[in-house]
Amino acid sequence: MRLDYLSIFPAYFDVLDISLVGKAAINGLVEIHAHDLRDWTHDRHRTVDDTPCGGGAGMVMKPDPWGEAFDEIIGTESDPSVHVIFPAPSGTPFTQSAAAELSSAQRIVFCCGRYEGIDHRVIDYARSMWTVHEVSLGDYVLNGGEVAALAITEAVVRLVPGFMGNPESLAEESFSAGQDGLLEYPLFTRPVSWRGLDVPEVLMSGHHGRIASWRRDESVRLTRERRPDLTDSDSSGIH
Ligand SMILES: CN1CCC[C@H](Cn2ccc3ccc(-c4n[nH]c(N)c4C#N)cc32)C1
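Per an unreviewed UniProt entry, the protein goes by the name tRNA (guanine-N(1)-)-methyltransferase and belongs to Cutibacterium namnetense. Its UniProt record gives the protein the following Subunit (unreviewed entry) comment, quoted word for word: "Homodimer." A UniProt comment under Function (unreviewed entry) is attached to the protein, and it reads "Specifically methylates guanosine-37 in various tRNAs."

What follows is the structure in structure tokens.
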């Protein structure tokens with residue numbers, strides 16, 4: 001899997017060399033390339049923004065640098081196997097199932113906007129050439145797309161076959177299919193007693209049936225408390 005990041009702050013992606021994603025890069029599972037969008041400007045000030053047509057606050061990212069960057073990084077041929085991701089507050093909420101789908105992609109290009117956003121013709125052009133995803137990390141406003149690109153990268157790469165040392169652990173995570181769409185149960189480890197707080201006895205019983213039942217009950221309880229929206233979904237085990 002090749003991952004490209006287009007941003008006016010490419011240093012955001014230096015962190016990928018440190019994290020788990022860095023290990024995947026070393027193992028050859030993923031190839032990471034960060035690019036400075038300003039490398040595709042031609043004026044002395046390396047300008048990437050301009051005032052919004054129709055007025056309004058802030059600045060909008062000009063289409064020209066993006067188009068020239070696309071030509072060089074992706075090419076000028078249409079290819080639906082290339083996935084181009086535009087993080088944006090107006091995007092579709094990014095989910096675990098979207099991460100799972102993207103984990104089989106061979107090429108993902110993240111377009112990280114800044115200012116008030118990117119000229120919409122950039123997205124329209126990308127849609128005419130590649131498979132485009134306009135996604136949102138959540139219902140809050142960030143200053144740009146970089147943090148979202150990092151979060152999406154981690155969510156996707158950890159699902160790439162061969163990345164996780166113990167793929168079985170993926171099955172029990174919140175939001176994974178194996179978890180019935182429920183939140184993860186509380187976790188405990190040694191010491192059994194810590195500052196007057198004890199591990200639930202059932203977890204020390206060695207009785208696998210009771211442990212599984214306790215964990216399921218806890219997942220149902222937490223999901224009802226914190227994510228009632230998940231309890232109505234078909235995939236959840238709660239109805
Ligand atoms: C005041 N304005 C409002 C519009 C957005 C401006 C900042 N910005 C520019 C590009 C850009 C990309 C993503 C996000 C973003 N925010 N929240 C999320 N979940 C996102 C995601 N994915 C934010 C962004 C700030």
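Past the structure itself, the notes keep going.
Side note on the pattern of salt bridges
Per the counting criterion, the structure on display carries 10 salt bridges. A salt bridge links Arg46 to Asp39, with the shortest nitrogen-to-oxygen separation between them at 2.6 Å. Judged by its relative accessible area of 49%, Asp39 falls in the partly exposed class. Each of the salt bridges in this network shares a partner with another, and the network as a whole consists of Arg2, Asp4, Glu31 and Arg107.

Re the site of the ligand
Around the ligand, the structure places 18 residues, and the nearest of them are Glu116, Ser136, Gly138, Tyr140 and Leu142. Between a nitrogen atom of the ligand and a main-chain N or O atom of Tyr140, the distance comes to 2.6 Å. One of the backbone nitrogen or oxygen atoms of Leu142 is found 2.9 Å away from a nitrogen atom of the ligand. A total of 540 Å² of accessible area belongs to the ligand in isolation, and the protein chains cover 83% of it. Mapped onto the shell around the ligand, the elements with two or more residues apiece are strand S5 (82–93) and strand S7 (131–136). Tallied by class, residues from the shell around the ligand come to 10 nonpolar, six polar and two charged.

With respect to the pairing of strand S6 (residues 107–111)
Taken across its five residues, S6 has five buried, putting it largely inside the fold. Alternating positions in S6 separate into two faces, Arg107, Val109 and Cys111 on one and Ile108 and Phe110 on the other, with burial throughout. Here strand S1 (residues 2–7) pairs with S6 via five bridges, running parallel. Considered in S6, the bridge of Leu3 is made with Ile108. Sheet topology places S5 next to S6; four bridges connect them, and they run parallel. Counterpart to Ile85 in the pairing with S6 is Phe110. For the handedness criterion, the β-α-β arrangement of S5, helix H3 (residues 96–102) and S6 is classed as right-handed.

Conventions used here
Residues numbered from 1 in each chain as written. Predicted model: local features only at pLDDT ≥ 70, side-chain atom pairs only at ≥ 80, totals over all residues. Heavy atoms only, no water. UniProt positions renumbered as here; feature names shortened; annotations may be inferred. Salt bridge = Lys/Arg side-chain N within 4 Å of Asp/Glu carboxyl O. Buried < 20%, exposed > 50% of the residue type's maximum accessible area, 1.4 Å probe, protein only. Near = heavy atom within 4 Å. Polar contact = N/O pair within 3.5 Å; in protein donor to acceptor, adjacent residues only side chain to side chain. Areas by Shrake-Rupley, 256 points an atom, 1.4 Å probe, with all protein chains shown as cover. Helix = DSSP H or I, 4+ residues; strand = E, 2+ residues; numbered from the N terminus. Nonpolar A, V, L, I, M, F, W, Y, C, P; charged D, E, K, R; others polar. Pairing = 2+ DSSP bridges. Right-handed = clockwise from strand over helix to strand, strands pointing away.

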